[in-house]
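Working through the structure, step by step
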There are 4 protein chains.
Amino acid sequence: MNKRSKISVGVIGAGRIGQLHIEHLAQNIPEAELVAICSLNRARTETLANQFNVPKVTNDYTVLLADAQIEAVLVAAPTNTHVEMSQAAAKAGKHIFCEKPISLDLEQIDETLAIVEKAGVKFQVGFNRRFDASFGRVREAIASGEIGEPHILRITSRDPAPPPIEYVKVSGGIFLDMTIHDFDMARYLIGDEVVEIYATGGVRVDAQIGEAGDIDTAVITLKFRNGVIATIDNSREAVYGYDQRVEVFGSKGMVTAANPLTDTVAFSGSEGTRAALPPYFFVERYKAAFLMELRAFFACIREDTPPLVTGKDGRAPVVMGFAAMRSLRENRPVLLSEIEKGC
Amino acid sequence: MNKRSKISVGVIGAGRIGQLHIEHLAQNIPEAELVAICSLNRARTETLANQFNVPKVTNDYTVLLADAQIEAVLVAAPTNTHVEMSQAAAKAGKHIFCEKPISLDLEQIDETLAIVEKAGVKFQVGFNRRFDASFGRVREAIASGEIGEPHILRITSRDPAPPPIEYVKVSGGIFLDMTIHDFDMARYLIGDEVVEIYATGGVRVDAQIGEAGDIDTAVITLKFRNGVIATIDNSREAVYGYDQRVEVFGSKGMVTAANPLTDTVAFSGSEGTRAALPPYFFVERYKAAFLMELRAFFACIREDTPPLVTGKDGRAPVVMGFAAMRSLRENRPVLLSEIEKGC
Amino acid sequence: MNKRSKISVGVIGAGRIGQLHIEHLAQNIPEAELVAICSLNRARTETLANQFNVPKVTNDYTVLLADAQIEAVLVAAPTNTHVEMSQAAAKAGKHIFCEKPISLDLEQIDETLAIVEKAGVKFQVGFNRRFDASFGRVREAIASGEIGEPHILRITSRDPAPPPIEYVKVSGGIFLDMTIHDFDMARYLIGDEVVEIYATGGVRVDAQIGEAGDIDTAVITLKFRNGVIATIDNSREAVYGYDQRVEVFGSKGMVTAANPLTDTVAFSGSEGTRAALPPYFFVERYKAAFLMELRAFFACIREDTPPLVTGKDGRAPVVMGFAAMRSLRENRPVLLSEIEKGC
Amino acid sequence: MNKRSKISVGVIGAGRIGQLHIEHLAQNIPEAELVAICSLNRARTETLANQFNVPKVTNDYTVLLADAQIEAVLVAAPTNTHVEMSQAAAKAGKHIFCEKPISLDLEQIDETLAIVEKAGVKFQVGFNRRFDASFGRVREAIASGEIGEPHILRITSRDPAPPPIEYVKVSGGIFLDMTIHDFDMARYLIGDEVVEIYATGGVRVDAQIGEAGDIDTAVITLKFRNGVIATIDNSREAVYGYDQRVEVFGSKGMVTAANPLTDTVAFSGSEGTRAALPPYFFVERYKAAFLMELRAFFACIREDTPPLVTGKDGRAPVVMGFAAMRSLRENRPVLLSEIEKGC
């Protein structure tokens with residue numbers, strides 16, 4: 001692939017995810033060329049640009065958008081900037097990869113999706129787990145009918161350690177920060193829409209999280225239009241590491257995706273047999289998925305196909321998050337239609 | 001152990017469970033002596049008596065209770081006879097092992113437990129799964145603090161095939177027939193009381209079950225007094241066999257009990273690696289547990305200790321079943337206290 | 001099955017295996033009736049007879065053989081008595097179940113098998129592992145062609161702890177005492193004859209075993225007539241318990257039998273995930289197989305079919321044991337034909 | 001890391017392994033800079049140079065060695081060129097990473113190692129499996145004493161499909177081409193030297209391999225100086241994929257490394273539970289190990305420490321291969337000292 005045919009891309013945001021995208025773009029995605037990084041952290045930006053031979057750095061995203069050479073942008077800045085940046089990028093005719101969530105405001109999401117549609121650019125939302133090979137195979141087992149009609153879905157999703165309390169305070173709450181990935185996974189696997197949510201939970205890990213108005217442990221029940229019932233359970237702290245499993249039970253069988261382990265070693269002694277733990281957290285666990293989502297983004301630009309995670313896919317889990325919040329508050333199942341009307 | 005010191009026991013009921021108890025008593029429980037079988041099925045009773053050298057058969061349980069030699073009875077006749085037989089047995093001074101559920105009527109349960117208490121006899125309810133070695137170890141891991149404070153419990157409980165529709169019609173519904181075991185398991189593992197239940201479900205396996213007014217697929221959420229949140233999922237038909245797993249997540253770790261498999265063989269070919277299925281159904285899966293529950297019953301008689309499954313343990317899951325029924329009907333979480341007051 | 005149609009059986013020997021057979025005969029084998037126990041240990045014999053309602057006890061096996069009512073005998077006395085007892089039993093017209101090894105003397109084995117054949121009685125040798133469900137399924141996978149042509153067989157066979165040194169001294173050596181089971185397993189699984197053996201090993205567990213002229217750790221290579229190559233590895237002490245696995249590799253796949261575990265529980269904490277150990281030793285591990293071998297014995301009597309473990313099957317592993325001993329001594333591969341000629 | 005401080009490296013050979021090294025150097029090893037590729041395949045060389053921005057290409061390795069800027073070379077050309085190239089590179093003062101085997105001629109190996117030593121350059125041999133994380137953990141479990149004294153080692157090493165017959169003809173035979181990796185693994189894990197080898201095998205996969213004078217199925221027994229006994233089994237064709245497992249049994253426990261699987265998905269249906277296969281072959285399975293061995297090579301240059309795979313480590317498995325060949329030919333155990341003297 002010569003340079004001419006590469007898609008020029010700029011990255012906005014150089015936090016943990018932004019850096020991962022930068023590394024992938026520089027090393028593992030020959031179909032793209034990373035030409036600019038925009039971040040408010042000048043030192044980090046320069047270090048990254050140096051390390052990965054990125055020609056342009058800026059702390060002003062409008063400068064990046066003004067660069068006519070740039071065809072696509074990755075929006076990996078904090079959530080509260082996604083809408084403004086995505087709208088501006090769309091208006092500038094750039095294809096957009098936007099980290100989740102698009103926004104915590106449904107009206108703003110709708111406005112953004114309308115602008116994107118009008119601009120005719122690609123817009124992919126960063127639900128990286130869809131690109132995990134194991135979850136992909138689970139989806140295939142469902143979509144192909146291998147397990148028959150799906151009846152019950154169980155998602156286990158637990159973090160190894162809670163985020164800093166300052167992050168918790170601005171995170172939008174566990175449902176919009178953490179469960180949002182599981183809401184997306186549920187929709188992705190089942191291939192249908194959720195109509196009702198019942199959420200329950202509590203503060204079991206860290207009292208500070210409760211003081212911040214959030215919970216750290218949650219169990220959520222979803223009812224799909226097609227009759228599937230799903231449960232999600234979340235915890236902010238699993239001492240054995242990042243726990244990300246799914247199980248789908250259907251009329252002809254069950255398909256599960258277990259945690260990968262850091263190695264395949266087992267030690268048998270007089271106390272039992274001991275095996276390894278899962279990779280520590282999302283960067284380690286989903287490294288390949290983070291790479292694959294970017295490759296899929298560039299493929300949809302190149303081949304002019306719809307993104308594998310659409311704006312609608314970015315919006316639906318936010319609605320589900322609001323429904324879960326209301327359900328927890330009012331201790332009753334909440335219809336998603338209540339959120340749509342009430343917003 | 002000479003015959004003098006054995007506990008003389010009579011069995012009432014010779015259905016699937018009754019026969020299993022008879023076999024165990026005759027062959028594997030040296031501390032008891034099976035002296036009488038009572039069943040309405042004359043031919044089967046005689047065959048069993050012949051096979052296992054049981055001296056006395058009758059089709060009238062009062063005859064059995066009138067036998068002064070008999071110290072203990074096993075009530076394994078249909079559910080609607082449990083109360084009458086248990087009360088009569090208690091009044092006759094016999095220790096009682098009663099299959100679950102005691103009754104589908106809370107008042108009758110309370111009356112029975114009062115009579116049992118007044119009679120001062122042992123009364124153990126047939127929640128056999130408590131005696132499964134793996135579930136026992138899970139409970140230990142919780143009770144000993146090995147997993148720290150428990151936060152989330154997940155119970156998977158799926159039958160290999162639905163019962164005959166005639167059985168379904170008189171079963172009391174999935175919650176009192178099938179989930180009742182899981183309600184008991186939840187209480188047993190967590191060692192605390194449930195305060196609220198949210199149940200959802202549907203007819204996914206067999207339309208006839210729906211026509212009989214029941215459901216065949218259910219997902220239930222339990223809130224415990226101590227903050228633990230549990231989910232139970234049930235299906236009347238898992239094509240891969242009887243699926244009975246638990247997972248308990250806590251502040252210091254997670255403990256799980258997987259399904260046993262019928263053998264340890266794996267075949268690796270070009271399509272993947274194939275392992276065995278679980279034992280077909282409860283008789284195969286819980287054979288050892290059914291034996292252990294009887295041995296525990298005779299031990300509590302001999303040592304004059306409380307049964308490991310008390311009358312209270314027999315009653316609580318019935319309350320939970322009613323709460324689940326109401327929750328499903330009204331699509332809202334139901335407090336167990338509502339059932340207690342309203343019944 | 002009424003008593004008339006049961007096969008009357010006497011057991012000679014009341015050691016660990018003898019007691020297990022007695023228990024099985026008394027409780028779990030309705031097709032046989034245990035009518036006599038013969039053992040030199042008077043107290044133990046009476047206790048057993050009392051416990052299991054066995055009418056006749058004796059310390060003279062000829063008394064037992066003289067009982068015309070007895071149709072079959074189980075020879076579970078020490079190895080050095082097997083030949084004399086089996087020959088006498090055959091001459092008395094009794095069917096014989098003989099513990100392994102028949103003898104450590106090939107001429108005596110041949111003489112015994114000739115007498116048995118002339119008497120026309122059944123003669124089954126106690127290679128219990130053939131009746132293990134998992135190993136049975138492995139054999140099926142080979143015999144049915146599921147793994148194609150078998151190429152490589154690996155047998156792991158390790159005891160949890162060495163026997164008393166006094167036992168080691170009279171055991172005939174590791175190859176005839178311990179590996180003999182694996183030699184039989186190899187023949188059973190592959191369904192063909194071994195032609196050459198190379199054995200190596202050493203004293204790694206207990207110096208006393210070396211002083212007794214034996215080894216405690218061994219690795220043996222077998223070449224089959226059909227080209228399969230097998231390895232067996234043995235140790236007298238695996239701290240994690242009785243380790244009994246097989247793996248067969250063929251042109252169309254691989255089939256393995258892993259160790260069963262005492263429970264299905266796993267604990268995940270910050271150090272990894274810990275699973276259970278195998279059952280402690282052969283009595284626990286092969287309980288069902290010990291039962292099944294007896295039922296097969298009675299079935300071959302009743303149906304007048306050849307035993308599933310024949311006299312030839314009892315003899316071949318002894319030849320293999322001698323070949324292994326010579327191989328170890330001379331540090332070279334030894335043909336089984338050398339043993340046949342040289343004995 | 002700025003460019004000045006990077007180690008300039010040239011790669012000789014652009015076959016399957018050469019290309020993998022080139023890709024790793026270009027993308028994943030910031031501590032090195034790939035400045036030249038030498039290969040006889042002009043088209044492929046130019047494509048690679050273009051793809052990875054490599055400034056210099058040549059088909060003459062002496063041109064590459066004459067480049068004063070180049071500090072280190074990777075010798076990944078065919079085996080029969082390793083000696084000449086390594087010697088020339090050493091004389092040119094370049095650090096050398098040489099693919100295995102150094103040579104199939106012990107004298108030439110010795111000569112090469114002497115030249116390398118005199119030149120004072122680093123010389124690392126391409127035994128990539130030492131850098132696999134799981135095997136590394138197994139080694140730690142042994143070296144740290146976690147399993148006590150090691151007694152028995154089992155290595156399973158089977159390819160998914162045989163190489164082209166033309167390759168087989170020049171490969172040096174299965175022991176020097178395939179088992180050589182397992183010989184190295186055995187030495188690496190046990191941390192001691194083998195003194196005697198017994199090899200057996202046959203042609204089971206493809207008659208053409210036999211016609212080429214080689215075998216395709218092998219079982220090898222190794223005796224270590226410290227008493228450990230190892231077995232290796234090899235096949236050129238495992239239909240379920242690349243099978244690379246180790247098991248080490250010791251006085252205090254057992255440690256195993258199983259195959260990784262391509263995903264963590266399991267499907268349970270009425271026929272059993274089906275799990276995934278291992279990654280197809282060495283490029284997929286050992287990708288991370290191939291990367292880690294190069295990083296270790298550059299680390300030993302930078303830190304001036306001995307390579308983790310020394311010239312001696314490169315030589316020993318060749319001696320073992322010769323011993324195995326003689327053992328197979330003469331059907332007897334062969335001392336490695338016989339090879340040393342006789343060569």
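Reading guide: rules and limits
- Residues numbered from 1 in each chain as written.
- Chains lettered and ligands numbered in written order.
- Predicted model: local features only at pLDDT ≥ 70, side-chain atom pairs only at ≥ 80, totals over all residues.
- Heavy atoms only, no water.
- Helix = DSSP H or I, 4+ residues; strand = E, 2+ residues; numbered from the N terminus.
- Expected span 1.5 Å × (residues − 1).
- Polar contact = N/O pair within 3.5 Å; in protein donor to acceptor, adjacent residues only side chain to side chain.
- Disulfide = S-S within 2.5 Å.
- Axes fitted to C-alpha atoms, helices over the stretch in contact; angles between N-to-C directions.
- Parallel < 35°, antiparallel > 145°, perpendicular 65-115°, else oblique.
- Contact = heavy atoms within 4.5 Å.
- Nonpolar A, V, L, I, M, F, W, Y, C, P; charged D, E, K, R; others polar.
- Domains from an automatic or database assignment.
- Buried area = accessible area lost by both parts, 1.4 Å probe.
- Salt bridge = Lys/Arg side-chain N within 4 Å of Asp/Glu carboxyl O.
- Least-squares fit on C-alpha atoms with pLDDT ≥ 70 in both.
- Buried < 20%, exposed > 50% of the residue type's maximum accessible area, 1.4 Å probe, protein only.
- Pairing = 2+ DSSP bridges.
- Arc of directions from axis to C-beta.
- Left-handed = near helix turned anticlockwise from the far one by under 90°.

1. Focus: helix H12 (residues 311-330) of chain C
- Compared with an ideal rise of 1.5 Å per residue, which puts 20 residues at 28 Å, H12 of chain C spans 29 Å between its outermost C-alpha atoms and is within 8% of the ideal.
- Of the residues flanking the start of H12 of chain C, the one acting as N-cap is Thr310 of chain C, its side-chain oxygen 3.3 Å from the backbone nitrogen of Lys312 of chain C.

2. Some remarks on the state of the cysteines
- Taken as a whole, this structure holds zero disulfides over all chains when the rule is applied.
- Take Cys98 of chain A: it sits in no disulfide, and the sulfur closest to it among the cysteines is that of Cys300 of chain A, at 14 Å.

3. With respect to the packing of helix H6 (residues 133-143) of chain D against helix H9 (residues 179-190) of chain D
Residues and elements named next belong to chain D.
- Running from N to C, H6 and H9 cross one another at 40°; their axes reach a closest spacing of 8 Å. Here H6 is positioned oblique relative to H9, judged by the angle of their axes. Contact residues: H6 offers Phe135, Gly136, Val138, Arg139 and Ile142, while H9 offers Met185, Tyr188 and Leu189.
- The residue makeup of the contact of H6 with H9, split by class, is six nonpolar, one polar and one charged.

4. Observations regarding the domain arrangement of chain A
Residue and element names in this part refer to chain A.
- Here chain A is partitioned into domain 1 (7-121) and domain 2 (130-280 + 317-340).
- Each of domain 1 and domain 2 has a C-alpha centre, and these two points are 28 Å apart.
- Taken together, the six residues of domain 1 in the interface contact 10 residues of domain 2.
- Roughly 610 Å² of surface becomes buried between domain 1 and domain 2 when both sides are summed, with 77% attributable to carbon and sulfur atoms.
- Its largest share of buried area at the contact with domain 2, domain 1 owes to Lys100, Leu104 and Leu106, together 82% of the area lost on that side.
- Counting every contact that joins domain 1 to domain 2 gives zero salt bridges.

5. Let's talk about the relation of the copies chain D and chain C
- Superposing chain D onto chain C takes a rotation of 180° combined with a translation of 0.0 Å along the rotation axis, leaving an RMSD of 0.0 Å. Those values place the two copies in the arrangement expected of a two-fold rotation axis. Minimal C-alpha separation from the rotation axis in chain D is found for Arg332 of chain D, amounting to 2.8 Å.
- When the interface residues of chain D are mapped onto chain C, 100% of them are again interface residues, pointing to one common binding face.

6. Side note on the pairing of strand S13 (residues 265-269) of chain A
- Across the five residues that make up S13 of chain A, a large majority, five, are buried.
- Of the pairings in the sheet, the one linking S13 of chain A to strand S12 (residues 253-257) of chain D comprises four bridges and is antiparallel in character. What sits directly across from Phe267 of chain A, in S12 of chain D, is Val255 of chain D.
- Taken together, S13 of chain A and the strand that follows it, strand S14 (residues 272-275) of chain A, pair antiparallel across an intervening segment of two residues.

7. Notes on the interface of chain B and chain D
- Between chain B and chain D, the contact holds 12 residues from the first and 12 residues from the second.
- In total, about 880 Å² of surface goes out of reach between chain B and chain D, with carbon and sulfur atoms giving 61% of it.
- Applying the counting criterion to the chain B and chain D interface returns zero salt bridges.
- Where chain B touches chain D, the interface holds two residue pairs in polar contact (both at pLDDT 80 or more).
- Sorting the residues of the side of chain B that touches chain D by element identifies strand S13 (265-269) and strand S14 (272-275) of chain B as the ones contributing at least two each.
- It is S14 of chain B that contributes the most residues to the side of chain B that touches chain D, four residues altogether.

8. A few points about the sheet that holds strand S3 (residues 56-58) of chain D
Residue and element names in this part refer to chain D.
- Read from one edge of the open sheet, six strands run S3-S2-S1-S4-S5-S6, paired in parallel fashion. Here the strands that pair on one side only, and so sit at the sheet edges, are S3 and strand S6 (123-125). The mean inter-strand angle of the sheet, taken between neighbouring strand axes irrespective of direction, is 20°.
- Alignment of strand S1 (residues 7-12) against strand S4 (residues 72-75), held across four bridges, turns out to be parallel. Looking at the pairing, Val11 lines up with Leu74 of S4.
- Against the sheet, helix H4 (residues 82-91) engages S1, S4, strand S5 (95-98) and S6, with an angle of about 165° to S5.

9. Things to note about the interface of chain D and chain C
- If you look at the interface, chain D gives 42 residues, while chain C gives 42 residues.
- Interface of chain D and chain C: buried area, both sides summed, is about 3,200 Å²; carbon and sulfur atoms make up 57% of it.
- In this structure, the salt-bridge partner of Glu149 of chain D is Arg204 of chain C, at a minimum N-O distance of 4.0 Å.
- The tally of links from chain D across to chain C stands at 23 residue pairs in polar contact (both at pLDDT 80 or more).
- When residues of the side of chain D that touches chain C are traced back to their parent elements, those giving at least two are strand S7 (150-158), strand S8 (194-202), strand S9 (217-224), strand S10 (229-235), strand S11 (243-250) and S12 of chain D.
- If you tally residues by element for the side of chain D that touches chain C, the top one is S7 of chain D, at seven residues.

10. A look at the relation of the copies chain B and chain D
- After a rotation of 180° and a shift along the axis of 0.0 Å, chain B superposes on chain D with an RMSD of 0.0 Å.
- Most of the interface of chain B is mirrored in chain D, where 100% of its interface residues are also at the interface.

11. Points about the sheet that holds strand S4 (residues 72-75) of chain B
All names here are of chain B.
- Read from one edge of the open sheet, six strands run S3-S2-S1-S4-S5-S6, paired in parallel fashion. This sheet does not close on itself; its edge strands, each paired only once, are strand S3 (56-58) and strand S6 (123-125). Strand after strand, the sheet turns through a mean of 20° between neighbouring axes, direction not considered.
- The strands touched by helix H4 (residues 79-91) within the sheet are strand S1 (7-12), S4, strand S5 (95-98) and S6, with S5 carrying the most contacts at an inclination of about 165°.
- The strands touched by helix H11 (residues 287-302) are S1, strand S2 (32-38), S4, S5 and S6; relative to S5, the strand with the most contacts, the crossing angle is about 160°.

12. Structural notes on helix H2 (residues 42-52) of chain D
All names here are of chain D.
- Buried within H2 we find Thr45, Leu48, Ala49 and Phe52. The arc that holds the buried residues of H2, viewed along the axis, is 100°, so those residues lie on one side. Facing away from the buried side of H2, by more than 90 degrees, are the exposed residues Ala43 and Asn50.
- Contacts made by the buried residues of H2 are with helix H1 (16-27), strand S2 (32-38) and S3.
- Once H2 ends, the next one or two residues include Asn53, with phi positive near 60°.

13. Comments concerning the pairing of strand S10 (residues 229-235) of chain A
All names here are of chain A.
- Of all seven residues that make up S10, seven are buried, and the element is covered over most of its length.
- Side chains Ile229, Thr231, Asp233 and Ser235 project from S10 onto one buried face, and the interleaved Ala230, Ile232 and Asn234 project onto a second face that is buried too.
- Alignment of strand S7 (residues 150-158) against S10, held across seven bridges, turns out to be parallel. Each bridged residue has a counterpart across the sheet, and for Arg154 the counterpart in S10 is Thr231.
- Two strands pair when backbone bridges link them, and strand S9 (residues 217-224) and S10 are joined in this way by seven bridges, in the antiparallel orientation. Following the sheet pairing, Ile220 is matched in S10 by Ile232.
- Counted between consecutive antiparallel strands, the loop separating S9 from S10 contains four residues, among which Gly227 sits at a positive phi close to 95°.

14. What to know about the packing of H1 of chain D against H2 of chain D
Residues and elements named next belong to chain D.
- Between H1 and H2, the least distance of the axes is 10 Å, while the angle of their chain directions is 20°. With respect to each other, H1 and H2 are oriented roughly parallel. In terms of crossing hand, the pair formed by H1 and H2 is right-handed. Two secondary-structure elements touch here, H1 through Gln19, Ile22, Glu23, Ala26 and Gln27 and H2 through Arg44, Leu48 and Phe52.
- The residue makeup of the contact of H1 with H2, split by class, is four nonpolar, two polar and two charged.

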